[in-house]
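# Coordinates in review
For reference, the chains in residue letters:
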Amino acid sequence: MTTTNEHLAITRRMLGHADEFLHAGDLVQASEKGWGAAAHYMKAVVKQRGWTNRSHRDFFTIKDRLANETNDPGRISLLFREANALHQNFYEPLYLPSDVRGGIDSAKEFIGLLEEAAVLRDPPTDTLNGTGQDEINGNI
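## Some details on the overall build of the protein chain
A count of helical and extended segments in the protein chain gives five helices and zero strands. Moving toward the C terminus, one meets the helices and strands of the protein chain in the order α-α-α-α-α. With 140 residues in all, the protein chain has 44% of them scored as buried. Of the contacts made within the protein chain by residues no fewer than 6 positions apart, 68% connect residues no fewer than 24 positions apart. Of the roughly 7400 Å² of accessible surface on the protein chain, 52% is carried by carbon and sulfur atoms.

See below:
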């Protein structure tokens, strides 16, 4: 199993790879690395908080929960959608280099805003169930 710190290391590595692939003109790989960086940062938070992440769809719930811990939930949601679009571009490459650059920049800003909000700390207690995890199977 991957640890929180390993997910953070993967995040940093993927951000670097995204820029490298973009510079080399490989928009498909640049796209996937940009999305992967955002996804692994979220996985680090999930791991640290003891949440589960079983599908791509879970990232949307995770994003909403984390966005509510920031000063600008709307911006977090927008940046997440732009980073997620990079994942889509991996499977159906339609983006121009400027689109991929914008998506990578969005992934970087998304991660930066979550870092500023210190989401990798003890989670706040909420009204759902302790840290928002379901008692039966750990789902968020």
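We are not done yet, so read on.
## Describing the confidence of the model for the protein chain
Per-chain confidence: the protein chain averages 89 in pLDDT, with 86% of residues scoring 70 or above. Predicted confidence for residues 126-140 stays below pLDDT 50, and this span has 33 contacts to residues more than four positions away or in other chains.

## Re the packing of aromatic side chains
One pass over the structure, following the stated rule, counts five aromatic pairs. Consider the rings of Trp-35 and Phe-80, whose centres lie 5.8 Å apart with planes at 70°: the pair is edge-to-face. Taken together, the positions of Trp-35 in helix 2 (residues 27-49) and Phe-80 in helix 4 (residues 73-91) put the pair 45 residues apart, joining distant regions of the chain. Taking relative accessible area as the criterion, Trp-35 reaches 4% and is therefore assigned buried. Arranged with centres 6.0 Å apart and planes meeting at 50°, the rings of Phe-80 and Phe-110 form a pair that is tilted. Here the residue Phe-80 occupies a position in helix 4, and Phe-110 occupies one in helix 5 (residues 97-116), the gap between them amounting to 30 residues. Both residues of the pair, Phe-80 and Phe-110, count as buried. Put simply, the rings of Trp-35, Phe-59, Phe-60, Phe-80 and Phe-110 touch in pairs and so form one group of aromatic residues.

## As for the environment of Asn-68
Summarising the element assignment, Asn-68 is placed in the loop between helix 3 (58-67) and helix 4. Residue class for Asn-68 comes out exposed when judged on its relative accessible area of 62%. Along the backbone, Asn-68 and Ala-117 are 49 residues apart, and their C-alpha atoms lie at a distance of 10.0 Å. Among the polar contacts listed, one links the side chain of Asn-68 to the backbone oxygen of Asp-64, at a separation of 3.2 Å.

Criteria and thresholds
Residues numbered from 1 in each chain as written. Predicted model: local features only at pLDDT ≥ 70, side-chain atom pairs only at ≥ 80, totals over all residues. Heavy atoms only, no water. Helix = DSSP H or I, 4+ residues; strand = E, 2+ residues; numbered from the N terminus. Buried < 20%, exposed > 50% of the residue type's maximum accessible area, 1.4 Å probe, protein only. Contact = heavy atoms within 4.5 Å. Areas by Shrake-Rupley, 256 points an atom, 1.4 Å probe, with all protein chains shown as cover. pLDDT = per-residue confidence, 0-100. Phe/Tyr/Trp six-rings, centres within 6.5 Å; stacked < 30°, edge-to-face > 60°. Polar contact = N/O pair within 3.5 Å; in protein donor to acceptor, adjacent residues only side chain to side chain.

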